[in-house]
Amino acid sequence: MLSLSSSSSYSLRFLSPPPPPGAMPPPIFNVKMGEKKKKKGAKLVKLVSSAGTGFFYVFKKSRTLQNNFTKLEFKKFDPRIREHVLFTEEKMKR
C-alpha cells in the first residue's frame, strides 16, 4: 500500500500544487468556443447579369476553378426581366 507520509520513499515534491480557487484551466485549443475555422481555398465571386439590370448571384468558386483562368459564365434566370440570360463573373468588392 502506498503511503504519503514523510517516512515514505515517495516524495510529495513531485506532485503539482492545487490551482488557486476560481482559476480557469489553461486553454486546450487556440480556437475560441463558438468560432469556426475558416475554410481555405474557395473564393466568392459575383455573377452579374449581361442584360444590364444590375441583378447578380453570388457563387463560391472552388480551388480547382480558380486554377482555370477563364471567367465563369452561366445562363441563369434574371427575375427583373423574367428571362434566362448570360451571367458573367466579376470580383466581389469587400
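Structure: above.
None of these values were measured; they are calculated from a predicted model.

Rules behind the numbers
Residues numbered from 1 in each chain as written. Predicted model: local features only at pLDDT ≥ 70, side-chain atom pairs only at ≥ 80, totals over all residues. Heavy atoms only, no water. Phe/Tyr/Trp six-rings, centres within 6.5 Å; stacked < 30°, edge-to-face > 60°. Buried < 20%, exposed > 50% of the residue type's maximum accessible area, 1.4 Å probe, protein only. Lys NZ or Arg CZ within 6 Å of the ring centre and 35° of its normal. Pairing = 2+ DSSP bridges. Helix = DSSP H or I, 4+ residues; strand = E, 2+ residues; numbered from the N terminus. Patch = residues over 30% accessible without salt bridge, like charges linked within 9 Å, V, L, I, M, F, W, Y side chains within 5 Å. Areas by Shrake-Rupley, 256 points an atom, 1.4 Å probe, with all protein chains shown as cover. Salt bridge = Lys/Arg side-chain N within 4 Å of Asp/Glu carboxyl O. Lys, Arg positive; Asp, Glu negative; His and termini not counted. Charge placed at Lys NZ, Arg CZ, Asp CG, Glu CD.

Under the criterion given, the structure shown has 4 aromatic pairs. Aromatic pair Phe 55 and Tyr 57: ring centres 5.3 Å apart, planes at 90°, arrangement edge-to-face. Note on Tyr 57: relative accessible area 26%, which makes it partly exposed. Grouped by ring-pair contacts, the aromatic residues Phe 55, Tyr 57 and Phe 87 constitute a single cluster. Sitting above the plane of the Phe 56 ring, Lys 46 keeps its charged end 4.8 Å from the centroid. Sitting over the ring of Tyr 57, Lys 76 keeps its end group 4.8 Å from the ring centre.

Here 5 bridges tie strand 1 (residues 43-49) to strand 4 (residues 83-91), and the two strands are oriented antiparallel to one another. Counted as the bridge partner of Lys 46 is Glu 90 from strand 4. Here strand 3 (residues 73-78) pairs with strand 4 via 6 bridges, running antiparallel. Bridged to Asp 78 within strand 4 is Glu 83. Where strand 3 hands over to strand 4, the hairpin turn is made up of 4 residues, of which Arg 82 adopts a positive phi near 55°.

This paragraph deals with a positive patch on the surface. A contiguous patch of positive charge on the surface is contributed by Lys 43, Arg 63, Lys 71 and Lys 91. Mapped onto the fold, Lys 71 is located in the loop between helix 1 (63-67) and strand 3.

All we've got here are geometric facts, nothing functional implied.
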